[in-house]
Amino acid sequence: MASQTKPILHGYFRSSCSWRVRIAFALKGIEFDQVPVNLIKDGGQQLTDQYKVLNPMQQVPAVQIDGITLSQSLAVIQYIEETRPGPRLLPADPKKRAQVRMISDLIASGIQPVQNLYVLQKIGAEKLQWAQHFIQRGFEALEPILKETASKYCVGDEISMADICLVPQVYNAERFKVDVDQFPTIKRLNQTLMKVDAFKVSHPSCQPDTPADICT
Amino acid sequence: MRLSLACLKKPILHGYFRSSCSWRVRIAFALKGIEFDQVPVNLIKDGGQQLTDQYKVLNPMQQVPAVQIDGITLSQSLAVIQYIEETRPGPRLLPADPKKRAQVRMISDLIASGIQPVQNLYVLQKIGAEKLQWAQHFIQRGFEALEPILKETASKYCVGDEISMADICLVPQVYNAERFKVDVDQFPTIKRLNQTLMKVDAFKVSHPSCQPDTPADICT
């Protein structure tokens with residue numbers, strides 16, 4: 001019976017999109033298996049023919065769940081939301097739901113895809129400046145939006161998909177040396193969220209495939 | 001029962017005739033039979049009207065579309081579309097079945113996160129001289145992934161037999177592919193779906209060639 005096998009996440013410890021899915025599983029208390037896909041080793045394990053079957057876009061994550069295979073982290077997260085009990089990942093109110101999706105998409109469409117590994121490999125030598133530029137631009141837009149929508153969390157007082165997207169993007173910002181102190185709301189939200197168990201257990205520093213020199 | 005006066009006003013779409021993201025929202029409004037006003041934001045004129053201080057208030061990301069609806073302002077086309085879905089009656093824009101809904105979102109996000117943002121105006125302006133090859137590369141790559149996915153999920157439309165948000169995302173992306181001279185004949189499922197959808201009224205009335213801000217030499 002497909003629903004009784006644990007979901008399988010094919011991901012990479014440092015992939016922000018994979019981390020989003022790990023957070024969602026943790027928030028819902030769902031046990032899952034991880035199959036690491038190393039984006040660097042062997043020229044990139046996401047480029048193998050076997051992985052292409054799971055995700056023709058040749059990116060992580062891909063999730064096998066309930067007998068189907070899904071890619072695109074926000075599609076996975078909303079599927080989990082709609083099929084599993086537990087704390088809501090999107091608010092009940094339609095306007096707040098729209099704000100959660102707007103913030104999530106600002107990050108998941110507006111920032112991350114333009115600074116992901118594949119794009120940076122194509123940009124070449126100037127990749128650091130490229131990544132910094134797009135993260136900076138995205139956070140400059142996100143800060144005033146969050147100032148309006150946020151209370152304890154990105155939208156109101158409940159953790160949502162917006163928070164799930166924010167924290168990994170802040171991690172990316174720090175990786176690419178964007179100074180997050182410029183964005184006080186983003187900084188505060190990230191600090192609050194990094195105290196929440198689901199965000200801690202799913203952190204890149206402590207995954208099955210985290211290299212030993214990065215593990216904390 | 002308190003009626004919010006804001007809900008009685010027509011939604012306002014701030015967009016651009018040729019913006020694929022704006023087109024997605026126009027299609028959704030048309031499918032739901034929702035009348036709306038359009039305020040054109042010319043992405044080229046005056047250095048780009050999306051870069052003005054007034055527009056920045058509507059959308060700090062300085063992109064189109066932005067939609068004023070029910071007293072709030074939303075950006076991000078798929079957030080707008082799902083808001084319309086959740087608050088307006090009419091044909092479903094996402095299926096009832098959760099697995100099919102997930103497939104609709106997966107296909108929509110493959111396009112709206114995996115392809116379009118990497119070939120939008122802002123990125124192409126930063127790429128500079130090689131922008132055509134850049135856009136072609138990413139659309140080609142995205143369609144090479146989309147074709148086998150759609151082969152599995154599609155019947156009459158992208159997912160099964162009902163029009164969904166996936167179809168709403170597909171057609172404008174095919175338009176972009178053609179603009180950037182990607183040969184869509186390589187992708188028979190994408191081609192067939194696009195042809196079927198372009199016969200549907202909602203996709204026709206919302207087409208870039210016939211919007212209030214379409215330049216006269218493009219109007220058909």
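In the annotation of an unreviewed UniProt entry, the entry for chain B reads Maleylacetoacetate isomerase, and the organism field reads Oncorhynchus mykiss. Recorded in UniProt under Cofactor (unreviewed entry), the annotation for chain B is "glutathione".

The name given to chain A in an unreviewed UniProt entry is Maleylacetoacetate isomerase, with the source organism recorded as Oncorhynchus mykiss. Here is the UniProt Cofactor (unreviewed entry) comment for chain A, exactly as written: "glutathione". Regarding chain A, the UniProt comment filed under Pathway (unreviewed entry) reads as follows: "Amino-acid degradation; L-phenylalanine degradation; acetoacetate and fumarate from L-phenylalanine: step 5/6."

Examining the overall build of chain A
Helix and strand counts for chain A stand at 9 helices and 4 strands. When the helices and strands of chain A are listed from N to C terminus, the series reads β-α-β-α-β-β-α-α-α-α-α-α-α. The C-alpha radius of gyration of chain A comes to 17 Å, within 12% of the 17 Å expected for a compact globule of 216 residues. Each principal axis of the C-alpha atoms in chain A carries an extent, and together these give about 45 × 45 × 30 Å.

Some thoughts on the overall build of chain B
Across its full length, chain B carries 9 helices and 4 strands. Helices and strands appear in chain B in the N-to-C order β-α-β-α-β-β-α-α-α-α-α-α-α. Taken against the 2.2 N^0.38 rule, which gives 17 Å for 220 residues, the C-alpha radius of gyration of chain B at 17 Å falls within 12% of a compact globule. Considering only C-alpha atoms, chain B reaches an extent of 50 × 45 × 30 Å along its principal axes.

Quick look at the UniProt feature "domain: GST N-terminal" (unreviewed entry) in chain B
Per the UniProt record, "domain: GST N-terminal" (unreviewed entry) is annotated on residues 9-92 of chain B. Between the first and last C-alpha atoms of residues 9-92 of chain B the distance is 23 Å; the span itself is 36% helix and 19% strand.

A closer look at the packing of helix H6 (residues 127-149) of chain A against helix H8 (residues 184-193) of chain A
Residues and elements named next belong to chain A. Running from amino to carboxyl end, H6 crosses H8 at an angle of 75°, the nearest separation of the two axes being 8 Å. With respect to H8, the axis of H6 lies roughly perpendicular. Contacts between H6 and H8 pair Phe139, Leu142, Glu143, Leu146 and Lys147 from the former with Pro184, Thr185, Ile186 and Leu189 from the latter. Within the contact of H6 with H8, the residues separate by chemical class into 6 nonpolar, 1 polar and 2 charged.

Description of the UniProt feature "domain: GST C-terminal" (unreviewed entry) in chain A
Mapped onto this structure's residue numbering, the UniProt feature "domain: GST C-terminal" (unreviewed entry) falls at residues 93-212 of chain A. Along residues 93-212 of chain A the backbone is 62% helical and 0% strand, and the end-to-end C-alpha distance reaches 44 Å.

Remarks on the state of the cysteines
Taken as a whole, this structure holds 0 disulfides over all chains when the rule is applied. Free of any disulfide, Cys215(A) has its nearest neighbouring cysteine sulfur in Cys206(A), separated by 7.6 Å. Cys210(B) provides the cysteine sulfur closest to Cys219(B), a residue in no disulfide bond, and the two sulfurs are 7.6 Å apart. With relative accessibility at 38%, the residue Cys219(B) sits in the partly exposed group.

Comments concerning empty space enclosed by the protein
Going through the model one piece at a time under the given rule, you end up with 1 cavity of 30 Å³ or more. Put simply, the largest cavity is a space of about 80 Å³. Leu74(A), Gln78(A), Arg101(A), Asp105(A), Met161(A), Leu78(B), Gln82(B), Arg105(B), Ser108(B), Asp109(B) and Met165(B) together form the lining of the largest cavity. For the lining of the largest cavity, the secondary-structure elements that each account for two or more residues are helix H3 (73-83) and helix H4 (94-108) of chain A together with helix H3 (77-87) and helix H4 (98-112) of chain B. Top element by residues in the lining of the largest cavity is H4(B). It accounts for 3 residues. Classifying every residue of the lining of the largest cavity by side-chain character gives 4 nonpolar, 3 polar and 4 charged.

A look at helix H1 (residues 20-32) of chain B
In an α-helix, one turn spans 3.6 residues; hence positions three or four apart end up facing the same way. All names here are of chain B. The end-to-end C-alpha distance of H1 is 19 Å, a good match for the 18 Å that 13 residues give at a rise of 1.5 Å each. Extensive coverage of H1 is indicated by the burial of 12 of its 13 residues. Glycine 33 occupies a position one or two residues after H1 and carries a positive phi of about 70°.

Structural notes on the UniProt feature "domain: GST C-terminal" (unreviewed entry) in chain B
UniProt's entry tags residues 97-216 of chain B with the feature "domain: GST C-terminal" (unreviewed entry), counted in the numbering of this structure. Between the C-alpha atoms that bound residues 97-216 of chain B there is a distance of 44 Å. The span itself is 62% helix and 0% strand.

Quick word on the nonpolar core
Side chains of a nonpolar character, in soluble globular proteins, are inclined to be buried together. Within the largest apolar cluster, 132 residues are counted, with the highest numbers of intra-cluster contacts made by Trp130(A), Trp134(B) and Leu170(B). If we skip the residues at most four places from it in the chain, Trp134(B) touches Val119(A), Lys122(A), Ile123(A), Trp130(A), Val118(B), Val123(B), Leu124(B) and Ile127(B).

What about the environment of Ala108(A)?
If you trace the backbone, Ala108(A) turns up in helix H4. For the pair Ala108(A) and Ser73(A), spaced 35 residues apart in sequence, the C-alpha separation works out to 8.7 Å. Dropping the residues within four chain positions of it, Ala108(A) is found in contact with Arg20(A), Leu74(A), Pro113(A) and Ser113(B).

Observations regarding the sheet that holds strand S4 (residues 68-71) of chain A
All names here are of chain A. One open sheet holds the 4 strands; their spatial order is S2-S1-S3-S4, and the pairing between them is mixed. The strands lining the two open edges of the sheet, one partner per strand, are strand S2 (33-36) and S4. Averaged over all adjacent pairs, the angle separating strand axes in this sheet is 20°, with direction ignored. As paired elements, strand S1 (residues 8-11) and strand S3 (residues 62-65) share 3 bridges and run antiparallel to each other. For isoleucine 8, the partnering residue across the bridge sits in S3 and is glutamine 64. H3 contacts S3 and S4 of the sheet and is inclined by roughly 130° relative to S4.

Each value, and the rule that gives it
- Residues numbered from 1 in each chain as written.
- Chains lettered and ligands numbered in written order.
- Predicted model: local features only at pLDDT ≥ 70, side-chain atom pairs only at ≥ 80, totals over all residues.
- Heavy atoms only, no water.
- UniProt positions renumbered as here; feature names shortened; annotations may be inferred.
- Helix = DSSP H or I, 4+ residues; strand = E, 2+ residues; numbered from the N terminus.
- Rg over C-alpha atoms; globule rule 2.2 N^0.38 Å.
- Axes fitted to C-alpha atoms, helices over the stretch in contact; angles between N-to-C directions.
- Parallel < 35°, antiparallel > 145°, perpendicular 65-115°, else oblique.
- Contact = heavy atoms within 4.5 Å.
- Nonpolar A, V, L, I, M, F, W, Y, C, P; charged D, E, K, R; others polar.
- Disulfide = S-S within 2.5 Å.
- Buried < 20%, exposed > 50% of the residue type's maximum accessible area, 1.4 Å probe, protein only.
- 1 Å grid on protein atoms, 1.4 Å probe; cavity = no way out; pocket = protein on both sides within 12 Å on 5 of 7 lines; lining within 4 Å.
- Points joined across faces, edges and corners; volume = space filled by probe spheres on them.
- Expected span 1.5 Å × (residues − 1).
- Core = buried A, V, L, I, M, F, W, Y, C linked by side-chain atoms within 4.5 Å.
- Pairing = 2+ DSSP bridges.

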